[in-house]
Amino acid sequence: MRPYHELTYRGRALRLRRMAFAALAHYDLQVGRVRLLSNDLNGIFRVDTTAGEKYVLRVCLPGTVGHTLEEIRSEMMWLEALHNDANLNAPQPVATRDGRYVTTVEVDGVPEPRHCVVFTWAPGPDLADRLSPNNVFMMGELAARLHSQAESFEPPEGFWIRSKNKVFPYGEGVVIFDAEQKPLFPPERRSVYQQAVDRIQGALDRLYNRGEPPRVIHNDLHQWNVKAYHSRLFAIDFEDLMWGHPVQDIAVTLYYLVGYDNYLQLRDTFRHGYTMHRDWPEAYEGEIDTFIAGRGLTLANFVLQDPDVKYRAMAPEYVERIEGRLVTLLKL
């Protein structure tokens, strides 16, 4: 059998589909059809039952590039808490027959066991395809509601997620300054990246020494992780949950809007929606821009070690683009 990592995108997806069926055998679902939605990182499948119900199944990345069983279970605990809030639209985790929200399976042809989870279906297209001012306003409202819910959240026993108090908080290796990356980081660019790391860590230290307790943040709330259905928005993909602060969460959202020609208008619209429910959390001018730059740094570091060679090939263009954003956002 051909090694998994030598397979094409389609070949890997077919192997993961077998894993999806192995996981679904643990659920009380009468499965009619299983279709791949994405295999860029996790394997994401749409599951249609014979009764016409729709679900999403996620085959999680393994090892150091994925999330631990403890983190995935904590994600399920958070989604259960959100489900109890009628003002929030988020997927509900689906339990196996024996009451577990995470099942671990292995199949021939996939080298590692994988953790799998099933969620209820969030309707509608990605917000990226419906990026109107009104929808961006509602995304601001959605972010504010998530932050308010987190304020009153009491973590159940066993709840554990990382803290976003470091520039590179995921526990991954920091490779942007490694010797083998030297061709991508001539002295001037390396200086920009190093200044950015120092500036962002200083802002993080200032934030976490402010005395405000961190809360659960989505940490990946952007227009591809929000579904727009009629006049409602549904937040999805809570896999990257961390202990953090609203200002950091907002910075992640705005990072993915920076490249739009009407970015300043979108930012103001998002802020208007947010402040309908909560005070804007920026403590000083430029704080959010600093954390937007931080998102760029973590993504640049990730691309350089992405498990998919297709994305690693984008590294030269990516680190150059991030350099420009660091200079602009941090006024380097």
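Shown above is the structure to which this text applies.
Keep in mind it's a predicted model, so treat the numbers as computed, not measured. (Residues numbered from 1 in each chain as written. Predicted model: local features only at pLDDT ≥ 70, side-chain atom pairs only at ≥ 80, totals over all residues. Heavy atoms only, no water.)

S.K.: Break down the overall build of the chain for me, citing the residues and quoting the values.
M.R.: Helix and strand content of the chain: nine helices and 10 strands. In terms of overall dimensions, the chain is globule-like: its C-alpha atoms have a radius of gyration of 20 Å, near the 20 Å expected for 332 residues. Seen along its three principal axes, the alpha-carbon backbone of the chain occupies a region of about 55 × 50 × 40 Å. The proportion of buried residues among the 332 residues of the chain is 52%. Only carbon and sulfur atoms are counted for the fraction: they give 49% of the accessible area of the chain, which is about 15900 Å². (Helix = DSSP H or I, 4+ residues; strand = E, 2+ residues; numbered from the N terminus. Rg over C-alpha atoms; globule rule 2.2 N^0.38 Å. Buried < 20%, exposed > 50% of the residue type's maximum accessible area, 1.4 Å probe, protein only. Areas by Shrake-Rupley, 256 points an atom, 1.4 Å probe, with all protein chains shown as cover.)

S.K.: Would you mind going over the side chain of H147 in detail, with residue names and values included?
M.R.: Structurally, H147 can be placed in helix α3 (residues 133–151). Polar side-chain contacts of H147 include one of 2.8 Å to the side chain of Y274. (Polar contact = N/O pair within 3.5 Å; in protein donor to acceptor, adjacent residues only side chain to side chain.)

S.K.: Give me the state of the cysteines: which residues, what numbers.
M.R.: One pass over the structure, following the stated rule, counts zero disulfides. Here C60 stays unpaired: no disulfide links it, and the sulfur of C116, its closest cysteine neighbor, is 6.6 Å away. Accessibility expressed as a relative area gives 1% for C60, which makes it buried. (Disulfide = S-S within 2.5 Å.)

S.K.: Give me unusual backbone geometry: which residues, what numbers.
M.R.: With a phi angle near 55°, D237 is a residue other than glycine that sits in the positive phi range. As for its position among the elements, D237 is in the loop between β9 (232–235) and β10 (242–244). Backbone geometry places K331, a non-glycine residue, at a positive phi of 55°. Looking at where K331 falls in the secondary structure, it is placed in the segment after α9 (315–330).

S.K.: Please give an account of the environment of E212 that cites residues and values.
M.R.: Relative to the helices and strands, E212 is located in the loop between α4 (187–208) and β7 (215–217). Residue classification places E212 among the partly exposed residues on the basis of a relative accessible area of 43%. Separated by 33 residues in sequence, E212 and H245 have C-alpha atoms that sit 8.6 Å apart.

S.K.: Talk me through the packing of α4 against helix α7 (residues 287–303); I want residue IDs and the actual numbers.
M.R.: Between two packed helices, the angle of one axis relative to the other and the distance separating the axes together describe the packing. Interhelical geometry of α4 versus α7 gives an angle of 125° and a closest axis separation of 9 Å. On the basis of their axis angle, the class for α4 and α7 is oblique. Here α4 runs over α7; the crossing is left-handed. Residue-level inspection shows Y193, A196, V197, R199, I200, A203, L204 and L207 of α4 in contact with α7, the latter providing E287, T290, F291, A293, G294, L297 and A300. Looking at the contact of α4 with α7, its residues break down into 11 nonpolar, two polar and two charged. (Axes fitted to C-alpha atoms, helices over the stretch in contact; angles between N-to-C directions. Parallel < 35°, antiparallel > 145°, perpendicular 65-115°, else oblique. Left-handed = near helix turned anticlockwise from the far one by under 90°. Contact = heavy atoms within 4.5 Å. Nonpolar A, V, L, I, M, F, W, Y, C, P; charged D, E, K, R; others polar.)

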